[in-house]
Amino acid sequence: MRDQGIDHDDMAEADLRTRRGVFRAVAFRDPVDGHEHMALVRGDVGEREDVLVRMHSECMTGDIFGATRCECGDQLGAALDAVAREGAGVLVYLRGHEGRGIGLVAKVRTHVLQDDQGLDTVDSATAIGLPVDVRDYGPAARVLRYLGVRSVRLMSNNPDKVRALESYGIAVSARVPLLVPVSDDNIRYLTAKRDRLGHDLPQLDSLTAGEVRG
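In this text the structure is predicted, and so the values were computed from the model without any measurement.

K.L.:
Even after reading the chapter, I still don't get the side chain of Ser124, so can you show me in this structure?
P.N.:
In this fold, Ser124 is placed in helix H5 (residues 123-126). At 3.0 Å, the side chain of Ser124 and the side chain of Gln114 are in polar contact.

Structure (structure tokens):
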């Protein structure tokens, strides 16, 4: 899939000092979706093969407030840790992906259906007339291309992300699992992601809700 690049007038770069060390923060306004996204870059990734990369979908409840219903916040931290350990890599934080793209208000409404009616993350979205997943990974592909990344090792448990990134011309040399511990709070969510959405979550294979602790 061919698409336009990012305009330099819609980008800004600066060092970002964090508890994990210094990253290069590359903020950009995507020319297609209009959202402002951020790539956190460690080390020299230009013209490199097999760069460790995470495409992380915005999740206010998990990333900022530490909600335990999902594993998003844990995955964000684990991905940044992995990039810091490796000394080179990119985390692309994608705005507008809240609730797999349905938005924050709608996502909270699905939580009500999950709590009150026992629906899973898939059925709670379709019950209010919304699609299950409308995320687009074009912005991640465009910033990786801007950074000169030639191929990636993608940190994800979702094979669909590999296919999506490759559809934009970014070669994926490997998919790196990004597994988090199972708890009573997240087991229903993780199970639905495995059984309904095709995520590879082997930590669930021998567990039931009664065998884990929050």
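Now that the structure is up, let's keep going.
K.L.:
Even after reading the chapter, I still don't get empty space enclosed by the protein, so can you show me in this structure?
P.N.:
The gaps left among the atoms become clear once a water-sized probe is rolled over them. Evaluation of the coordinates by the stated rule reveals one cavity of 30 Å³ or more. Taken as a whole, the largest cavity holds about 470 Å³ of empty space. Considering the residues around the largest cavity, the lining is formed by 34 residues, among which Cys72, Arg100, Arg135, Tyr189 and Lys193 are closest to the centre. Looking at the lining of the largest cavity, the elements that each hand over two or more residues are strand S4 (51-57), helix H2 (72-86), helix H3 (98-101), helix H4 (104-117), H5 and helix H8 (187-197). The leading source of residues in the lining of the largest cavity is H4, at four residues. Its residues assigned to classes, the lining of the largest cavity shows nine nonpolar, 15 polar and ten charged.

K.L.:
Help me understand the pairing of strand S7 (residues 171-176), please; the structure alone is not making it clear to me.
P.N.:
Taken residue by residue, a regular strand's side chains alternate between the two faces of the sheet. Bridging between strand S6 (residues 151-155) and S7 involves five bridges; their strand directions are parallel. Each bridged residue has a counterpart across the sheet, and for Arg153 the counterpart in S7 is Ala174. For the handedness criterion, the β-α-β arrangement of S6, helix H7 (residues 159-167) and S7 is classed as right-handed.

K.L.:
I would appreciate a short explanation of unusual backbone geometry in the present structure.
P.N.:
Glycine aside, negative phi is the norm for most residues, and most peptide bonds take the trans geometry. At Glu47, a position not held by glycine, the phi torsion is positive, near 60°. By the element assignment, Glu47 lies in the loop between strand S3 (36-42) and S4. The residue Asp50 is not glycine, and still its phi comes out positive at about 60°. Of note, Asp50 is situated in the loop between S3 and S4.

K.L.:
Would you explain the sheet that holds S4 in this entry?
P.N.:
Backbone-to-backbone hydrogen bonds join strands into a sheet, with any given pair of strands oriented parallel or antiparallel. Spatial strand order, S1-S2-S3-S5-S4-S6-S7: seven strands in an open sheet with mixed pairing. Each edge of the open sheet is held by one strand with a lone partner, namely strand S1 (11-18) and S7. This sheet shows a mean twist of 25° between the axes of neighbouring strands, independent of strand direction. Of the pairings in the sheet, the one linking S1 to strand S2 (residues 21-29) comprises eight bridges and is antiparallel in character. Bridging across to S2, Ala12 finds its partner in Ala27. Across the sheet, helix H6 (residues 138-147) is in contact with S1, S2, S3, S4, strand S5 (89-94) and S6; its angle to S5 comes to roughly 145°. Each of S4, S6 and S7 touches H7; the most contacted strand, S7, lies at about 165° to it.

K.L.:
Honestly, the nonpolar core in this entry has me stumped. Any pointers?
P.N.:
Looking at soluble globular proteins, one finds that nonpolar side chains tend to be buried together. Core analysis: the biggest nonpolar cluster contains 28 residues, and Val90, Val92, Leu144, Val152, Leu154 and Leu165 have the highest contact counts within it. Put simply, the parts of the chain that give this core at least two residues each are S2, S3, S4, S5, H6, S6 and H7. Setting aside residues up to four positions removed in sequence, Leu144 forms contacts with Val53, Val90, Val92, Val149, Val152, Leu165 and Ile170.

K.L.:
I keep staring at the pattern of salt bridges and nothing clicks. Help me out?
P.N.:
Close approach of charged atoms allows side chains of opposite charge to pair. Applying the stated rule across the entire model yields 18 salt bridges. Ionic pairing is found between Arg29 and Glu36, a salt bridge with its closest N-O pair at 2.8 Å. A relative accessible area of 34% means that Arg29 is categorised as partly exposed. The class of Glu36 is partly exposed, set by a relative accessible area of 45%. Across the pair Asp30 and Arg142 runs a salt bridge, and its minimum N-O distance is 2.7 Å. Remark: Arg142 occurs in helix H6 and Asp30 occurs in the loop between S2 and S3; sequence separation between them is 112 residues.

Rules behind the numbers
Residues numbered from 1 in each chain as written. Predicted model: local features only at pLDDT ≥ 70, side-chain atom pairs only at ≥ 80, totals over all residues. Heavy atoms only, no water. Helix = DSSP H or I, 4+ residues; strand = E, 2+ residues; numbered from the N terminus. Polar contact = N/O pair within 3.5 Å; in protein donor to acceptor, adjacent residues only side chain to side chain. 1 Å grid on protein atoms, 1.4 Å probe; cavity = no way out; pocket = protein on both sides within 12 Å on 5 of 7 lines; lining within 4 Å. Points joined across faces, edges and corners; volume = space filled by probe spheres on them. Nonpolar A, V, L, I, M, F, W, Y, C, P; charged D, E, K, R; others polar. Pairing = 2+ DSSP bridges. Right-handed = clockwise from strand over helix to strand, strands pointing away. Axes fitted to C-alpha atoms, helices over the stretch in contact; angles between N-to-C directions. Contact = heavy atoms within 4.5 Å. Core = buried A, V, L, I, M, F, W, Y, C linked by side-chain atoms within 4.5 Å. Buried < 20%, exposed > 50% of the residue type's maximum accessible area, 1.4 Å probe, protein only. Salt bridge = Lys/Arg side-chain N within 4 Å of Asp/Glu carboxyl O.

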